Amino acid sequence: MAPARRDCGGWEMLLPTGCVLLSVLFLQPALAKVCNDRTKHGQDNSWFARDGENLPIMVLMPMNESALMSSISQGIEPAVQLAIQHIRESRKYSFSLITKIYDTECDNAKGLRAFFDAICYGPKHLMIFGGVCPSVTSIIAESLEGWNLVQLSFAATTPVLADKKKYPNFFRTVPSDNAVNPAVVKFLNYYNWSRVGTLTQDVQRFSEVRNDLTSELEKADIQIADTESFSNDPCVNVKKLKDNDVRIIIGQFDENLASKVFCCAYNLNMFGSKYQWIIPGWYQGNWWEQANTTNCTTKKLLTAMEGYISVDFEPLSSRQTKGISDRTPKEYEREYSRELQQKGVEASKFHGFAYDGIWVIAKTLTRVMELLRTKQRENIYHNFTVDDRDVGKMVLDVMNETNFYGVTGQVMFRNGERMGTIKFNQFQEGQEVKVGEYNAIADVLDLINNSIRFQGVEPPKDRTFVRLQRRHINVPLYSILSTITILGMLMAGAFLFFNIKNRNHRLIKMSSPYMNNLIILGGMLSYASIFLFGLDGGFVSDKEFETLCTVRTWILIVGYTTAFGAMFAKTWRVHAIFKNVKMKKKIIKDQKLLIIVGGMLLIDLCILICWQIVDPLKRTVEEYSLEADPQGRDIAIRPFLEHCENTHMTIWLGIVYAYKGLLMLFGCFLAWETRNVSIPALNDSKYIGMSVYNVGIMCIIGAAVSFLTRDQPNVQFCIVALVIIFCSTITLCLVFVPKFITMRTNPDAATQNRRLKFTQNQKKEDSKTSTSVTSVNQANTSRLDGLQTDNHRLRMRITELDKELEEVTMQLQDTPEKTPYIKQNHYPDANNILSIRNFTDGKDGEKSILKNHLEQKPQAHWGSMDPSRINRGPLEDINSPEHIQRRLSLQLPILHHAYLPSIGGVDASCTSPNGSPGSSPRHRHMPPSYRVMVSGL
């Protein structure tokens, strides 16, 4: 066997660690056979120990002070010796345990060398105790199945060893690093944190813990918002966590990088009441001072660290209950402290697990021996034999059945893993304070009352809780604008009452009362749309809001068309009559105007129906960027606004705007064409122009401002409401206020305007006739031309020849004429006058009036004229001033009786043209015939 030992030593010296591992895997059966053969012939390794016999236990751990983790082993030995002493003192066991320590030096090759030396040259060890360094422990544990040995570790926490397929014979009394993950999940559920992020150092130990934690979080239905790994500089990863709105951060890193992490957290303001850090709890005391390699001061680190939660296994049970050693954890701790003082070594955090581990071995060996003795008694008449494989299986079964209360709490295994107690500490004012613990066996989290102190008034939120806040219209603003709208509707109602009450008055009748009613109706519809524009999801449901989108659009469009359509229809009638170049009678009744307005509304309905069928308006929600809570709470406000939109909103609005724009242009054209019509009762062109101008400007400004302020509903509603109120009010006032004022001050002003104007012009012209005969002729000729022009204008400005006015005209035509100016024997002169009447339309009714005038004229009246003028030739006499005056005396009464009644020029009582012959100073020097004609006008 010596050569084999030397060969192993040669391999260790010449080959790297990988070669050593291969030697274990391939040469393990041969080495096991050689070592077993040697130990079989050299020593008695029977499991049937006699009373008081010493049973050897192999202890593997680094003892060299220069070796890594040697400080753990130095503090373990006093606990092991104390446990052996207490086992002996208990007198419950028929054997005594002795430990043989083999120094692994935390080196894989040296650890394997020590293990093989113990197997080949030491006593037959019933169990292996120890395993501190993860790498050495994993190599040895993987080969235990071939040796039929069971290893119990008290300090190896690496999660790798939890793989039972690879390490079936490995147990440990210390909880694995993964054992904290169920406790963390329980802690998260306690505070209803369902969204976390992880920050992991990029090494195998921490990566394995993170992978297991990810699995536990998924089982608990906890969202992992972000998973970050780093090697040296964590600041970039910490910033990513902040950008992803991670509030609960679970860290897996050592104390050397922990200082960098919290320095980055301080610089990024990731601490305080909004954040909660959960990190490992196995760091050394005051680690932030020893491991601070950052540019942050200790004060900054302590500020960022304040309130973090550390999670680690409980080294000693907090329950002061006597366990298997008949001692409480406190009593054991005092004895352990005395041993440390005697030997002058530092304590190890794993001493309690080592102490309980010796008790586990003692109980296991006792139980296995009892089972072997039982089998031996059962086979007393047969040759009972048992090999190491059977014993190894029995040891595994007994280990899994272990259950007792030790100094570290309840000791039991589940698939070789210790089900221990996990403690929670919180960093408070520069020191860690225990705030609770988790019992893995009972799956219970027990937090100490009022021990956890969060930075805020409540635990941090696991995310930025976003509270959707509707941007709604302020109720006071809505109330104010609604009040103004109601006042506008009351004003419109007053105008409607005024229009209906005075519908038979000549001034109102000439202005088309039915069209006025439509204008008022359109204005009231526009007013009504304001109430609907002010309603949002805060007052109605989502489905009702979509209905409102359609209804308010229809009402506003129809109201606009009704009001301005009626106004433009009136103006079109004036334009059609006064631009009648053929000088024919034109009767345009209100029914035709109603048809025109109906046609405009029909176009609106076609557009709206197509809009509703093809691409209806729907409720859309526009969300805006997060805003801080004005009350300082740990929530964010995400404003949202409801809109009425559809897929092709721009196209439909373009169609509506184009149609309304054309309607406005048409109205402007009509107003411009009828601007010279000087009959106020008929002509609203000036007011229409003012209304179109104001409405157009306000609509353009309102539409632009409304689009720019679509994210400010109060401003947008205020602008839209004010534009509608202004446009409707100004339109109604421009149409009805002048009529109301005229009715109150001078009801006949509209009909007397042209008469007074003509009289004034006539006075000015007559003042020139006193200069000379030549000037009189010129003035008369000019007056004749003016009268012809005025007659043409009057014919063109007739806007309404309704039934009543036609009846008045017919009455005037049927009434006997009272102007005895023309003699029977002067028909040639009358025919000459009729031959030059280019302003008449040749209708029989008017000719009959002229004939009546000629037939009813007394003969004696012409006798007063100069006989010399009668004897003159026809060409010379027809251009004389007298004949000119005669022509005027005949033409003007015809104009007076035939046309002026249709526009309100003659009162109903004024049937005779010779009333008030001397009302003007001008009439005093004129012949009676001329005075009658002027007074008739």
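Everything numeric in this text was worked out from a predicted model, so none of it was measured.

### Observations concerning the overall build of the chain
Then, in step 1: Within the chain, the secondary structure is distributed over 32 helices and 20 strands.
Then, in step 2: Counting the 937 residues in the chain, one finds 49% classified as buried.
Then, in step 3: Contacts in the chain between residues at least 24 apart in sequence constitute 75% of all its contacts with a sequence separation of at least 6.
Then, in step 4: For the chain, the exposed area adds up to about 44,800 Å²; of that, 55% sits on carbon and sulfur atoms.

### Regarding the state of the cysteines
Then, in step 1: For the structure on display, the rule yields four disulfides.
Then, in step 2: In this model, cysteine 235 is linked to cysteine 264 through a disulfide, with the two sulfur atoms separated by 1.9 Å. Measuring the twist about the S-S bond at about -65°, one finds the cysteine 235-cysteine 264 disulfide to be left-handed. Remark: cysteine 264 occurs in helix H10 (residues 255-267) and cysteine 235 occurs in helix H9 (residues 235-243); sequence separation between them is 29 residues.
Then, in step 3: Not engaged in a disulfide, the cysteine cysteine 606 finds its nearest cysteine sulfur in cysteine 610; these two sulfurs lie 6.5 Å apart.

### Structural notes on the confidence of the model for the chain
Then, in step 1: Here the chain averages 76 in pLDDT, and 72% of its residues register 70 or above.
Then, in step 2: Ignoring residues within four places in sequence, the model shows residues 890-937, a span with pLDDT below 50, making 97 contacts including any to other chains.

### Considerations on the sheet that holds strand S7 (residues 223-230)
Then, in step 1: Pairing is mixed across the open sheet formed by eight strands, whose spatial order is S7-S6-S8-S9-S10-S14-S15-S16. Edge positions in the sheet fall to S7 and strand S16 (444-447), since each of these pairs with one other strand and no more. Taking the axes of each pair of neighbouring strands and ignoring which way they run, one obtains an average angle of 25° across the sheet.
Then, in step 2: Across eight bridges, strand S14 (residues 421-428) lies against strand S15 (residues 431-439) in antiparallel orientation. Following the sheet pairing, asparagine 425 is matched in S15 by lysine 434.

### A closer look at unusual backbone geometry
Then, in step 1: At aspartate 221, a residue that is not glycine, the phi angle is positive and equals roughly 60°.
Then, in step 2: Exposure remark for aspartate 221: the relative accessible area of 67% places this residue in the exposed category.
Then, in step 3: At asparagine 415, a position not held by glycine, the phi torsion is positive, near 60°.
Then, in step 4: With respect to the helices and strands, asparagine 415 occurs in the loop between strand S12 (409-414) and strand S13 (417-418).
Then, in step 5: Classification of asparagine 415 by relative accessible area gives exposed; the value is 58%.

### Some thoughts on the pairing of S14
Then, in step 1: Extensive coverage of S14 is indicated by the burial of eight of its eight residues.
Then, in step 2: Here S14 shows two buried faces, one formed by Thr421, Lys423, Asn425 and Phe427 and the other by Ile422, Phe424, Gln426 and Gln428.
Then, in step 3: Taking the residues between adjacent antiparallel strands as the criterion, S14 and S15 are bridged by two residues, where glutamate 429 takes a positive phi near 55°.

### Looking at the pairing of strand S10 (residues 309-313)
Then, in step 1: With five of five residues buried, S10 is to be regarded as a mostly interior element.
Then, in step 2: Every second residue of S10 is oriented toward a common face, with Ile309, Val311 and Phe313 on one face and Ser310 and Asp312 on the other, all of them buried.
Then, in step 3: In the sheet, strand S9 (residues 276-280) pairs with S10 via three bridges, with the strands oriented parallel. Across the sheet, the residue bridging to isoleucine 279 is serine 310, located in S10.
Then, in step 4: Pairing geometry for S10 and S14, over five bridges, is antiparallel. If you follow serine 310 over to S14, its bridge partner there is asparagine 425.

### Here's the deal with the nonpolar core
Then, in step 1: Residues Leu97, Phe129, Phe154, Phe187 and Leu188 are the most contacted members of the largest nonpolar core, which totals 81 residues.
Then, in step 2: Sorting elements by how many residues they give to this core places helix H14 (residues 351-378) first, with twelve residues.
Then, in step 3: Once residues lying within four places of it in the same chain are set aside, the contact partners of phenylalanine 154 are Met61, Ile76, Phe129, Gly130, Val132, Thr173, Val174, Phe350, Phe353 and Ala354.
Then, in step 4: Grouped together as the second largest cluster of nonpolar side chains are 55 residues, Phe545, Leu548, Phe568 and Cys644 included.

### Here's the deal with the sheet that holds strand S11 (residues 403-406)
Then, in step 1: Within the open sheet, the three strands sit side by side as S11-S12-S13. Their pairing is antiparallel. Only two strands of the sheet have a single neighbouring strand rather than two, namely S11 and S13.
Then, in step 2: The pairing of S11 with S12 spans four bridges and is antiparallel. Within S12, the residue paired with phenylalanine 404 across the bridge is valine 411.

### Points about the pattern of salt bridges
Then, in step 1: For the coordinates displayed, the defined rule picks out 22 salt bridges.
Then, in step 2: Note that lysine 110 is salt-bridged to glutamate 105, the shortest N-O span being 3.0 Å.
Then, in step 3: Assessed through its relative accessible area of 37%, lysine 110 is described here as partly exposed.
Then, in step 4: Residue glutamate 105 is classed as partly exposed on the basis of its relative accessible area of 27%.
Then, in step 5: Between arginine 470 and glutamate 642 there is a salt bridge, with its nearest N and O atoms 3.3 Å apart.

### Examining the packing of H14 against helix H15 (residues 388-400)
Then, in step 1: Where H14 contacts H15, the two axes come as close as 9 Å, and the packing angle between them is 125°. The orientation of H14 relative to H15 falls into the category oblique. Here H14 and H15 pass one another in a crossing that is right-handed. Contact residues: Val360, Thr364, Arg367, Val368, Leu371, Leu372 and Lys375 in H14; Val391, Met394, Val395, Val398 and Met399 in H15.
Then, in step 2: Here the residues of the contact of H14 with H15 sort into nine nonpolar, one polar and two charged.

Rules behind the numbers
- Residues numbered from 1 in each chain as written.
- Predicted model: local features only at pLDDT ≥ 70, side-chain atom pairs only at ≥ 80, totals over all residues.
- Heavy atoms only, no water.
- Helix = DSSP H or I, 4+ residues; strand = E, 2+ residues; numbered from the N terminus.
- Buried < 20%, exposed > 50% of the residue type's maximum accessible area, 1.4 Å probe, protein only.
- Contact = heavy atoms within 4.5 Å.
- Areas by Shrake-Rupley, 256 points an atom, 1.4 Å probe, with all protein chains shown as cover.
- Disulfide = S-S within 2.5 Å.
- pLDDT = per-residue confidence, 0-100.
- Pairing = 2+ DSSP bridges.
- Axes fitted to C-alpha atoms, helices over the stretch in contact; angles between N-to-C directions.
- Core = buried A, V, L, I, M, F, W, Y, C linked by side-chain atoms within 4.5 Å.
- Salt bridge = Lys/Arg side-chain N within 4 Å of Asp/Glu carboxyl O.
- Parallel < 35°, antiparallel > 145°, perpendicular 65-115°, else oblique.
- Left-handed = near helix turned anticlockwise from the far one by under 90°.
- Nonpolar A, V, L, I, M, F, W, Y, C, P; charged D, E, K, R; others polar.

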